[in-house]
Amino acid sequence: MKITLKLFASLTDYLPADAKYTNFVALDIAPETTIGQLVDQYRLPAKQVHLVLVNGTYIAPDKRANQTLVEGDVLAIWPPIAGG
């Protein structure tokens, strides 16, 4: 099934080279794939997976390991943001 993975800020370094400037990649994943599995697959550091949205809806940290994705979902992940 097809989904879109969007990574922001420093996490774009984990995207394929041709996707770093658009910040997203279209993926063909197995049914019942979880957010946690995709985070592991892309080797995203757990401490950098801060804000997670699926189709614009926030997914709490305790739900991510078991939250499955469905056809057409857009998974967006942001690292912690610090500024001043």
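Structure's up top.
Criteria and thresholds
- Residues numbered from 1 in each chain as written.
- Predicted model: local features only at pLDDT ≥ 70, side-chain atom pairs only at ≥ 80, totals over all residues.
- Heavy atoms only, no water.
- Helix = DSSP H or I, 4+ residues; strand = E, 2+ residues; numbered from the N terminus.
- Contact = heavy atoms within 4.5 Å.
- Phe/Tyr/Trp six-rings, centres within 6.5 Å; stacked < 30°, edge-to-face > 60°.
- Buried < 20%, exposed > 50% of the residue type's maximum accessible area, 1.4 Å probe, protein only.
- Pairing = 2+ DSSP bridges.

Notes on the side chain of Thr12
Relative to the elements of secondary structure, Thr12 occurs in the loop between β1 (2-7) and β2 (24-28). The residues touching Thr12, leaving out its near neighbours within four places in the chain, are Leu7, Lys20 and Asn23.

A short note on the packing of aromatic side chains
All chains considered together, the criterion is met by 1 aromatic pair. Ring centres of Phe8 and Trp78 lie 4.2 Å apart, and the angle between their planes is 5 degrees; on these two criteria the pair is classed as stacked. One end of the pair, Phe8, is in the loop between β1 and β2; the other, Trp78, is in strand β5 (residues 74-78), with 70 residues separating them in the sequence.

Description of the pairing of β2
Of the two faces of β2, the one holding Val25 and Leu27 is buried and the one holding Phe24, Ala26 and Asp28 is not buried anywhere. With 5 bridges connecting them, β1 and β2 associate as antiparallel partners. Looking at β2, one finds that Ile3 is bridged to Leu27.

Quick notes on the sheet that holds β5
Taking strand neighbours across the sheet as the criterion, the 5 strands line up as β2-β1-β5-β3-β4 in an open arrangement whose pairing is mixed. Where the open sheet ends on each side, the last strands, each with one partner, are β2 and β4 (57-58). Bridge analysis of strand β3 (residues 51-54) against β5 gives 4 bridges, and the strand direction is antiparallel. Among the inter-strand pairings, Val54 is bridged to a residue of β5, identified as Leu75.

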